[in-house]
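Listed here are the chains, written in short residue letters.
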Amino acid sequence: AGFPARTGCHRTMIRAGVMGWPVIASDIYPYQQDGAPVTLVPNDEVVWIETILAALAEPEKIAAQGRQLQNWVRQKFILEDHLHEWLKVFKFNKNK
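Predicted, not measured: the structure shown is a model, and the values here were computed from it. (Residues numbered from 1 in each chain as written. Predicted model: local features only at pLDDT ≥ 70, side-chain atom pairs only at ≥ 80, totals over all residues. Heavy atoms only, no water.)

A. Main features of the environment of F77. Among the structural elements, F77 can be located in helix 4 (residues 59-77). Judged by its relative accessible area of 32%, F77 is partly exposed. Residues F77 and I14, spaced 63 residues apart in sequence, show a C-alpha to C-alpha distance of 8.0 Å. (Helix = DSSP H or I, 4+ residues; strand = E, 2+ residues; numbered from the N terminus. Buried < 20%, exposed > 50% of the residue type's maximum accessible area, 1.4 Å probe, protein only.)

See the structure below:
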């Protein structure tokens, strides 16, 4: 999945990742954070075309990148795996 953008949110990347889709995204803040295993490119049409064509030429490699991203998303963003962290955020101190 490719996401050219000037601004954005990494939720789109997470949605693609949970499906195991490799991601090519604009090299902007939301996609730079957290060390996601994605391909980041500048917002330049020629570079985008070259990057997409290179990825399509190596289907096994991009399939592996999709699996890496899927594993990354599962480790960092699946609620069931991080429920204890969320519960700590929402717990309040009854003594106050």
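B. Quick look at a nonpolar patch on the surface. A cluster of nonpolar side chains, L79, L83, W86, L87, V89 and F90, forms an exposed patch at the surface whose accessible area comes to about 650 Å². Along the chain, L83 turns up in helix 5 (residues 83-90). Residue classification places L83 among the partly exposed residues on the basis of a relative accessible area of 41%. (Patch = residues over 30% accessible without salt bridge, like charges linked within 9 Å, V, L, I, M, F, W, Y side chains within 5 Å. Areas by Shrake-Rupley, 256 points an atom, 1.4 Å probe, with all protein chains shown as cover. Salt bridge = Lys/Arg side-chain N within 4 Å of Asp/Glu carboxyl O.)

C. Representation of helix 3 (residues 45-56). Compared with an ideal rise of 1.5 Å per residue, which puts twelve residues at 16 Å, helix 3 spans 17 Å between its outermost C-alpha atoms and is within 8% of the ideal. Within helix 3, the full set of buried residues consists of W48, T51 and A55. Down the axis of helix 3, the buried side of the element spans an arc of 70 degrees, and every buried residue falls inside it. Exposed and facing more than 90 degrees away from the buried side of helix 3 are E45, V46, E50, L53 and L56. Between the side-chain oxygen at the start of helix 3 and the backbone nitrogen of V46 there is a gap of 3.0 Å, and the oxygen is on D44. (Expected span 1.5 Å × (residues − 1). Arc of directions from axis to C-beta. Polar contact = N/O pair within 3.5 Å; in protein donor to acceptor, adjacent residues only side chain to side chain.)

D. A look at the packing of helix 1 (residues 11-18) against helix 4. Packing of helix 1 against helix 4 leaves a shortest axis separation of 7 Å and a crossing angle of 115 degrees. As judged from the angle between their axes, helix 1 and helix 4 are roughly perpendicular. Crossing hand, helix 1 versus helix 4: left-handed. Contacts between helix 1 and helix 4 involve M13, I14, G17 and V18 on the former and, on the latter, G66, L69, Q70, W72, V73 and F77. Residue composition of the contact of helix 1 with helix 4, by class: seven nonpolar, three polar and no charged. (Axes fitted to C-alpha atoms, helices over the stretch in contact; angles between N-to-C directions. Parallel < 35°, antiparallel > 145°, perpendicular 65-115°, else oblique. Left-handed = near helix turned anticlockwise from the far one by under 90°. Contact = heavy atoms within 4.5 Å. Nonpolar A, V, L, I, M, F, W, Y, C, P; charged D, E, K, R; others polar.)

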